[in-house]
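Working through the structure, step by step
Listed here are the chains, written in short residue letters.
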Amino acid sequence: MMNTKKKFASVLLIAAFAIAAVGLSGCVQEEDENVIIVGTSADFPPFEYMEGGEIIGFDIEMVTAVLESLNYTVEVQDIAFDGLIGSLQSGKIDIIAAAMSIDPERELEVDFTIPYFEADLSVLIMANSNIVLNDSNYLDELANLTIGAQTGTTGAMWVVNNLINITNATMQEEQFKRYETYTEAVLDLENGNLDAVVIDKPVGEAFAEDEDMEIAYTIVSGEQYGLAVKEGNTELLNKLNTALAAYMESDDWTALVKKYFE
Ligand code: ARG
C-alpha cells in the first residue's frame, strides 16, 4: 500500500503535468487565434509586388490596416495566383488579398468581401511595336498575335472566351501563353517572345511606367476586387466587411490611394 507521502507526491506530479498542459495549449491557442495568414501573388504592382525581398503594395497595406484594426497579427505568404483558392480551401491561408476580381464562378468556391477597387482589363505592348488597336479592329488584330497572361486570371479567361473559344476563331491555342506570374509574362514581352499581355489596366499602367511599354487598348470589363475568405467563414467575413467599410471612409484610405495611384 502507498504511504501518504508517496500518494501526496504523485498527486502533486499529476497536478503539475495538468497545469503545464493547460498552460501550453493555452499559449498555442492564443497565438493561432490572433495570427491571420494572408495569401497573395506578389507579381502585380502596385497592388502586391516584391521590393528588397519584401512583399509590399496597396493590397498588403490595406489588408494589414484592416486586420490590425481587428487586433490580428498579419503574416503574408506569396503563392501563385492559380493556387490561392485551393490554399484557402485547405486552410493553408485565411484570406486572399490579391486584386482578385469578384466573379460568379469564384463565388461558388470562396466568400468575397465588399468590393474595394474597380478596374478594367488592358492590352500591354512594347512602345516600339507597330500594333495599333481600336474599337473596330482589336479582336481581329489580337487574334493574329502571340498573347500572354497569368494562369487563372480574368485576363487569361478573356483571351480564351473572346479570341479562342469562339466560332470561326482564327487564333490558335498555341498563340496563347499562360504564366505562373505576370512578372514572367511581362519579361517575355520585353524579350520579344510575346506581342502583347492582357492584364488589369492599373497594373498594365504600372508596368508601362517603368519600362518601354504602353497600353494599346482598354478592354472595358468593369471588374471589382474583393478580399476572399473560405466559403462559410461568416464570422471572419462579417468582421472584415465592417472593418473594410470603416477603413474606406478614413483618411488613411485616401492617403493610401494617393500613395499608390497618384
Ligand atoms: N483581377 C484579376 C483576376 O482576378 C487578376 C488578379 C491577379 N492578381 C495577382 N496578384 N497576380 O483574375
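Heads up: these notes are all about the structure in this document. Since the structure is predicted, the reported quantities are computational estimates derived from the model, not experimental observations.

**A short note on the nonpolar core**
Met 62, Ile 95, Tyr 116, Leu 124, Leu 142, Trp 158 and Val 159 are the most contacted members of the largest nonpolar core, which has 67 residues in total. With seven residues, the top contributor of residues to this core is strand β8 (residues 117-126). Apart from residues lying up to four places away in sequence, Trp 158 is in contact with Leu 121, Tyr 138, Leu 139, Leu 142, Leu 163, Val 198 and Ile 219. Listed in part, the 13 residues of the second largest apolar core include Phe 81, Ile 93, Ile 96 and Phe 112.

**Quick notes on the site of the ligand**
Surveying the vicinity of the ligand reveals 16 residues, the closest of which are Asp 43, Ser 101, Arg 106, Thr 154 and Asp 200. Arg 106 is positioned such that a nitrogen or oxygen atom in its side chain is 2.8 Å from an oxygen atom of the ligand. Coverage of the ligand by the protein chains reaches 100% of its 350 Å² of free accessible surface. Only β2 (43-44) and β12 (213-225) provide two or more residues apiece to the shell around the ligand. Broken down by class, the residue content of the shell around the ligand amounts to six nonpolar, five polar and five charged.

**Digging into the packing of helix α2 (residues 58-69) against helix α10 (residues 251-261)**
α10 packs onto α2 with a crossing angle of 165° between their chain directions and a minimal axis gap of 10 Å. Comparing the axis directions of α2 and α10 gives the class roughly antiparallel. Read as a crossing pair, α2 and α10 show a hand that is right-handed. Between α2 and α10, the contacting residues are Phe 58, Glu 61 and Met 62 on the first element and Trp 253, Leu 256, Val 257, Lys 259, Tyr 260 and Phe 261 on the second. A class-by-class count of the residues in the contact of α2 with α10 yields seven nonpolar, no polar and two charged.

**Section: the packing of α2 against helix α9 (residues 234-248)**
Running from N to C, α2 and α9 cross one another at 115°; their axes reach a closest spacing of 9 Å. Seen along the crossing, α2 lies across α9 with a hand that is right-handed. Contacts from Met 62, Ala 65, Val 66, Leu 67 and Ser 69 of α2 reach α9 at Leu 240, Ala 243, Leu 244 and Tyr 247. Considering only residue class, the contact of α2 with α9 consists of eight nonpolar, one polar and no charged.

**Some points on the sheet that holds β12**
Taken in spatial order, the five strands line up as β10-β9-β11-β8-β12 in an open sheet, and their pairing is mixed. Only two strands of the sheet have a single partner each, and these edge strands are β10 (176-179) and β12. Pairwise comparison of adjacent strand axes, ignoring direction, gives a mean angle of 25° for this sheet. Relative to strand β11 (residues 196-200), β8 runs antiparallel, the two sharing four bridges. What sits directly across from Val 123, in β11, is Val 198. The strands touched by helix α8 (residues 201-210) within the sheet are β8, β11 and β12, with β8 carrying the most contacts at an inclination of about 45°.

**Brief notes about the sheet that holds strand β1 (residues 35-40)**
Strand pairing in a sheet relies on backbone hydrogen bonds, with the paired strands running either antiparallel or parallel. Overall, mixed pairing links the five strands, which are arranged β5-β1-β6-β13-β7 in an open sheet. Only two strands of the sheet have a single neighbouring strand rather than two, namely β5 (73-78) and β7 (110-112). Bridge analysis of β7 against strand β13 (residues 228-230) gives three bridges, and the strand direction is antiparallel. Residue pairing across strands places Asp 111 opposite Val 229, the latter belonging to β13.

**A closer look at the pairing of β8**
Sheet faces and side chains relate simply in a regular strand, where the side chains alternate between the two faces. Summarising burial for β8: eight of the ten residues are buried, a large majority. Bridge count between β8 and β12: nine bridges; the pairing is antiparallel. Its bridge partner lying in β12, Leu 124 is registered against Ile 215.

**A look at unusual backbone geometry**
Here the amide bond leading from Pro 45 into Pro 46 is cis, since omega sits at 5°, within 30 degrees of zero. Positioned with a positive phi, Asn 71 is a non-glycine residue whose angle comes to about 65°. For Asn 71, a relative accessible area of 64% puts it in the exposed group. Backbone geometry at Asn 168 places phi at a positive 60°, although glycine is not the residue there. Within the secondary structure, Asn 168 sits in the loop between α6 (154-164) and β10.

Definitions and limits used
- Residues numbered from 1 in each chain as written.
- Predicted model: local features only at pLDDT ≥ 70, side-chain atom pairs only at ≥ 80, totals over all residues.
- Heavy atoms only, no water.
- Core = buried A, V, L, I, M, F, W, Y, C linked by side-chain atoms within 4.5 Å.
- Buried < 20%, exposed > 50% of the residue type's maximum accessible area, 1.4 Å probe, protein only.
- Helix = DSSP H or I, 4+ residues; strand = E, 2+ residues; numbered from the N terminus.
- Contact = heavy atoms within 4.5 Å.
- Near = heavy atom within 4 Å.
- Polar contact = N/O pair within 3.5 Å; in protein donor to acceptor, adjacent residues only side chain to side chain.
- Areas by Shrake-Rupley, 256 points an atom, 1.4 Å probe, with all protein chains shown as cover.
- Nonpolar A, V, L, I, M, F, W, Y, C, P; charged D, E, K, R; others polar.
- Axes fitted to C-alpha atoms, helices over the stretch in contact; angles between N-to-C directions.
- Parallel < 35°, antiparallel > 145°, perpendicular 65-115°, else oblique.
- Left-handed = near helix turned anticlockwise from the far one by under 90°.
- Pairing = 2+ DSSP bridges.

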